[in-house]
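Here is what each chain is made of, one letter per residue.
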Amino acid sequence: DANEMIPLTDRIDLLFVGGGSWDRLHLFTTDEDQQSLRETVQALTTELQTLTSTQQNTNPQSQSQSIATIWMTPTTIHTPALIGDDKRSHMREIDMEEMRSLYAHAGILGSV
């Protein structure tokens, strides 16, 4: 595909990224799940830092600019309104606070 030859930074104007409630519900059950998510968030932080910094190219005619990126933090959860035991057990507002803290600690908020 011809688009694969064009640098990513030349094809994307704005990137929306986020995580939180579904990560917490489906990827945070065991210690191994939690560690895997932390590692994934750290890798994502590194990738976002790369995408959001100005990319220098040796060819002055082909200099790419950074990609404008928006990180969507997990919304506030109204815990009493959650339907289902799994959501009431894993998607409470206190759980979202922990997810927001995980993202902040990983540096993801400073990378966008």
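Now for a description of the structure that goes with this document. (Residues numbered from 1 in each chain as written. Predicted model: local features only at pLDDT ≥ 70, side-chain atom pairs only at ≥ 80, totals over all residues. Heavy atoms only, no water.)

1. Let's talk about the packing of aromatic side chains
Threshold: The criterion for an aromatic pair is that two Phe, Tyr or Trp rings (for Trp, the six-membered ring) have centres within 6.5 Å, with stacked assigned to planes under 30 degrees apart, edge-to-face to planes over 60 apart and tilted to the rest. For the purposes of this entry, the term helix denotes a DSSP run of H or I that reaches at least four residues, the term strand denotes a run of E that reaches at least two, and both are numbered from the N terminus. Only protein chains enter the calculation, and the probe is 1.4 Å; a residue is then buried if its accessible area is under 20% of its type maximum, exposed if over 50%, and partly exposed in between.
Taken as a whole, this structure holds 1 aromatic pair when the rule is applied. Relative to Tyr103, the ring of Trp71 has its centre 5.0 Å away and its plane inclined at 65 degrees; by these criteria the two rings are edge-to-face. Placement of Trp71 in strand β2 (residues 68-72) and of Tyr103 in helix α5 (residues 93-106) is noted, with a sequence separation of 32 residues between them. You can call Trp71 buried: its relative accessible area is 10%. When its relative accessible area of 2% is taken as the criterion, Tyr103 is described as buried.

2. Description of a nonpolar patch on the surface
To keep it simple, the criterion reads: Each patch groups residues whose relative accessible area exceeds 30% and which form no salt bridge, using 9 Å between like charges and 5 Å between nonpolar side chains of Val, Leu, Ile, Met, Phe, Trp and Tyr. Note on areas: Shrake-Rupley, 1.4 Å probe, and residue coverage restricted to the protein chains presented here. For this analysis, a salt bridge means a side-chain nitrogen from Lys or Arg found within 4 Å of a carboxyl oxygen belonging to Asp or Glu.
A cluster of nonpolar side chains, contributed by Leu14, Phe16, Ile70 and Met72, occupies part of the molecular surface with about 370 Å² of accessible area. Elements represented by at least two residues in the nonpolar patch include exactly β1 (14-18) and β2. Examined against the element boundaries, Phe16 turns out to sit in strand β1.

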